[in-house]
Amino acid sequence: MDLSSGNPFWLMRNGFANSFPSARMDIKKDVIVLGGGITGALVAYQLCKAGIDTVVVDRRCVGMGSTCASTALLQYEIDTPLYKLTEYVGLDHAQRSYQACIDAIDTLEKICKKEGIQADFQQRESLYYASRRRDMEIIEKEFAARQQMGIALQQLSPREVRALYGIKTSGALLSAKAAQVDPYRLAHGLLKVSEAMGLMVVDNTDIARIRNIDNQIQLTTTEGYTITGNKIVYATGYEALDMIEKPIAQLHSTYAIVSEPVEPSQLWRNTCLLWETAMPYLYIRTTPDNRILVGGKDEPFYSPRRRDRLLPRKSTQLVKRFKQLFQEIPFYLDFAWCGTFAETKDGLPFIGTLPKYPNAYFALGFGGNGITFSTVAAEIICDAIRGKTHRDAELFAFDRMSTAL
């Protein structure tokens, strides 16, 4: 699957962070993690911490799929507002899903600090603003739902938003809990830490066939080598959709741009994460070198050729939208890229097992919360492989498909 094109900022900034060999021998491990992006790296880290002999296999260079194209806003807010998610899955389920994302942000910070991973993890506030006057109903309902849950946030008036951030809007919610990170460096950092715990990583390795033989998973590479494990974790993101009979998610095309560096004094207050109520929504963050990253202008289709053809026009539109929001902040385009992402009806990921695939686990963190969902998936799957049941496993299981489509 063609996942991205253009000039993803993280790849341009970091280049090839680490080199890993391709599979040039037969390999046998307890667990095979298929996919070496941020999801696979998080899963592998948890498995290695638990003392499970693991190999990560990727057909690209590590981090060169969706990871390098991620805009990496770490938010507890799911694409589906809490009040609306409650209508889909019930109050308890919805609140626990939001809490899992809150906890995931803290987990990522702890991992980066404990392991010394230099991935530019930075805590931020998050401003969720009304795109139109009529969207104040969303803001008010969402404020009540989050307050009921006990989430720390404020509802700001138009005057307060204008005074604090210089944005013209009918109102907004300001959340204390959010963060941002360099996803490419985080994935590579996790893999290097896990290598020290015994992880084996092979990339540039194409898999020709996957079979379940005598209750074991056997991968055969295009060059004829075998990779065998007792369990397999599919951390291949959107590419795993072809394995699932029911349509659990819709593929979309998305666009992102990054500016030249801006003087810090010219940026908005606390450089909080910004996103709006409109769907598809515009979202904005900064980078460690004070560039402005803007994403959005999504299109509801998967067609790499059509997606790529739209990149110049979408880049221009994103620059225009930013300048409409912040008339006093200069924005000179430096990088632009586009990519594929998937979203589910309820905005939640799919994590767990399918009867059709024995000894297999899926970590499919769809939507705008891909990294936080992957953090949750890593813990759920690690527990499952160890014979334990994670407290949040039921929230994201495949058996909710009948209500999530």
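Our structure's up above, just so we're on the same page.
Residues numbered from 1 in each chain as written. Predicted model: local features only at pLDDT ≥ 70, side-chain atom pairs only at ≥ 80, totals over all residues. Heavy atoms only, no water.

## Some thoughts on the packing of helix α4 (residues 91-115) against helix α10 (residues 370-385)
Point 1. For the pair α4 and α10, interaxial distance at closest approach is 9 Å and the crossing angle is 85°. With respect to each other, α4 and α10 are oriented roughly perpendicular. Residues Ala 100, Cys 101, Ala 104, Ile 105, Thr 107 and Leu 108 of α4 lie in contact with α10, whose contacting residues are Ile 371, Thr 372, Phe 373, Thr 375, Val 376 and Glu 379.
Point 2. Its residues assigned to classes, the contact of α4 with α10 shows eight nonpolar, three polar and one charged. (Axes fitted to C-alpha atoms, helices over the stretch in contact; angles between N-to-C directions. Helix = DSSP H or I, 4+ residues; strand = E, 2+ residues; numbered from the N terminus. Parallel < 35°, antiparallel > 145°, perpendicular 65-115°, else oblique. Contact = heavy atoms within 4.5 Å. Nonpolar A, V, L, I, M, F, W, Y, C, P; charged D, E, K, R; others polar.)

## Side note on α4
Point 1. With 25 residues, α4 extends 36 Å between its outermost C-alpha atoms, agreeing within 8% with the 36 Å of an ideal straight helix rising 1.5 Å per residue.
Point 2. With its phi angle positive at about 65°, Gly 116 sits one or two positions after the end of α4. (Expected span 1.5 Å × (residues − 1).)

## Side note on the nonpolar core
Point 1. Counting residues in hydrophobic clusters, the biggest one holds 77 residues, and the most contacted among them are Leu 186 and Leu 190.
Point 2. Ranked by residues supplied to this core, first place goes to α4 with ten residues.
Point 3. Leu 186 has contacts with Ile 38, Leu 108, Cys 112, Ile 117, Ala 119 and Val 181, leaving out every residue within four places of it along the chain.
Point 4. If you look at the next biggest cluster of nonpolar residues, it comprises 31 residues, including Leu 127, Val 262, Cys 272 and Phe 331. (Core = buried A, V, L, I, M, F, W, Y, C linked by side-chain atoms within 4.5 Å. Buried < 20%, exposed > 50% of the residue type's maximum accessible area, 1.4 Å probe, protein only.)

## Some words on the pattern of salt bridges
Two side chains of opposite charge can pair, provided their charged atoms sit close to one another.
Point 1. Scanning the entire structure with this criterion turns up 27 salt bridges.
Point 2. Note that Glu 77 and Arg 146 form a salt bridge whose closest N and O atoms lie 3.1 Å from each other. Taken together, the residues Glu 77 in the loop between β4 (73-75) and α3 (82-89) and Arg 146 in helix α5 (residues 136-149) connect sequence positions 69 residues apart. The two residues Glu 77 and Arg 146 agree in class, both being buried.
Point 3. Taken together, the shared-partner salt bridges connect Asp 92, Arg 96, Asp 103, Arg 391, Asp 392 and Glu 394 into one network. (Salt bridge = Lys/Arg side-chain N within 4 Å of Asp/Glu carboxyl O.)

## A closer look at the state of the cysteines
Each disulfide consists of a covalent bond between the sulfur atoms of two cysteine residues.
Point 1. According to the stated counting rule, one finds zero disulfides in the structure shown.
Point 2. Not engaged in a disulfide, the cysteine Cys 61 finds its nearest cysteine sulfur in Cys 68; these two sulfurs lie 10 Å apart.
Point 3. The exposure class assigned to Cys 61 is partly exposed, which follows from its relative accessible area of 22%.
Point 4. Note on Cys 112: no disulfide assigned, nearest cysteine sulfur contributed by Cys 48 at a separation of 17 Å.
Point 5. Taking the relative accessible area as the measure of exposure, Cys 112 reaches 7% and is therefore buried. (Disulfide = S-S within 2.5 Å.)

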